[in-house]
Amino acid sequence: MTHTTVDISPPTTDKEYIEAFETDTNGSCLPPLATAIGYKLRRAQLAVFQDFQKSFASVKLRPTEFAVLSLIAANPGQKQTEVAEQLGIKRANFVALMDCLENRGLAERRKGDIDRRSHSLHLTEKGADFITEISKLWAQHEKRIIDKLGGEDNRNALIALLDRLLAPKKRTPLPRR
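These lines cover the structure that appears in this document, whether it is placed above or below. What you are looking at is a predicted structure, and each value in this text was computed from that prediction instead of being measured.

### Considering the packing of helix α3 (residues 63–74) against helix α6 (residues 125–149)
Two packed helices can be described by the angle between their axes and the distance between those axes.
Then step 1. Running from N to C, α3 and α6 point in directions that differ by 120 degrees, and their axes come no closer than 12 Å. The angle between the axes of α3 and α6 places the two elements in the oblique class. Regarding α3 and α6, the two cross each other, and that crossing is left-handed. Facing F66, L69 and A73 of α3, the residues of α6 in contact are F130, I131, I134 and W138.
Then step 2. Its residues assigned to classes, the contact of α3 with α6 comprises seven nonpolar, no polar and no charged.

Below, the structure is given as structure tokens:
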């Protein structure tokens, strides 16, 4: 099987971007959805989430719960606020999410030794066993997505492109007078 790779080098001019927004014969200055980045990202996200939901239906795990458990497993003892911030989840929503994981016996909050108001997050023994179980499901899910992309090289190119979108905007310093 031949794998194609994607060129992720930046465009040479702004003209390449502007051409996509030129007025069509109907007078619209909007590009077709087939070339709209946000639309394509959303459709791709839905496709990946649908596969995820099928993959994890037997263990009743949602993508956000998976992400939280992954972060706790990778770095036990992180504060609740840190994990919520990494995932872009509002505090109130994260509390409910952790309540669900605690009720299932997968994770627990522990009061901090110094600041008793903050909670560090840890997997329970059941949670650690659960991570081992779902890692096989994750590997199968990830393989299906990578195969759809055409292989590891395209996966890596996609990750690099998404990282560009997620990178903080570089500020241009104002000239001093």
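### Re unusual backbone geometry
Negative phi values dominate among residues other than glycine, just as trans dominates among peptide bonds.
Then step 1. Positive phi outside glycine occurs at K60, with the angle close to 50 degrees.
Then step 2. With respect to the helices, strands and loops of the structure, K60 is situated in the loop between α2 (37–56) and α3.

### With respect to the pattern of salt bridges
Then step 1. For the structure on display, the rule yields seven salt bridges.
Then step 2. As a salt-bridge pair, E102 and R109 come within 2.6 Å of each other at their nearest N and O atoms.
Then step 3. For R155, the salt bridge identified is with E142, shortest N-O distance 3.9 Å. Here R155 is found in helix α7 (residues 152–166), whereas its partner E142 is found in helix α6, with 13 residues between them in sequence.
Then step 4. The partly exposed category is assigned to R155, whose relative accessible area is 26%.
Then step 5. For E142, a relative accessible area of 23% puts it in the partly exposed group.
Then step 6. The network of salt bridges with common partners includes D99, E102 and R109.

### Here's the deal with helix α4 (residues 80–87)
Then step 1. Turning to α4, its buried residues number three or more, namely Q80, V83 and A84. The buried residues of α4 occupy one face: seen down the axis, they fall within an arc of 100 degrees. Of the exposed residues in α4, those oriented more than 90 degrees away from the buried face are T81 and E85.
Then step 2. Where α4 is buried, its residues contact α3, α5 (91–103), β1 (107–111) and β2 (119–123).
Then step 3. Immediately beyond the C-terminal end of α4, within one or two residues, lies G88, with a positive phi of roughly 70 degrees.

About the criteria used
- Residues numbered from 1 in each chain as written.
- Predicted model: local features only at pLDDT ≥ 70, side-chain atom pairs only at ≥ 80, totals over all residues.
- Heavy atoms only, no water.
- Axes fitted to C-alpha atoms, helices over the stretch in contact; angles between N-to-C directions.
- Helix = DSSP H or I, 4+ residues; strand = E, 2+ residues; numbered from the N terminus.
- Parallel < 35°, antiparallel > 145°, perpendicular 65-115°, else oblique.
- Left-handed = near helix turned anticlockwise from the far one by under 90°.
- Contact = heavy atoms within 4.5 Å.
- Nonpolar A, V, L, I, M, F, W, Y, C, P; charged D, E, K, R; others polar.
- Salt bridge = Lys/Arg side-chain N within 4 Å of Asp/Glu carboxyl O.
- Buried < 20%, exposed > 50% of the residue type's maximum accessible area, 1.4 Å probe, protein only.
- Arc of directions from axis to C-beta.

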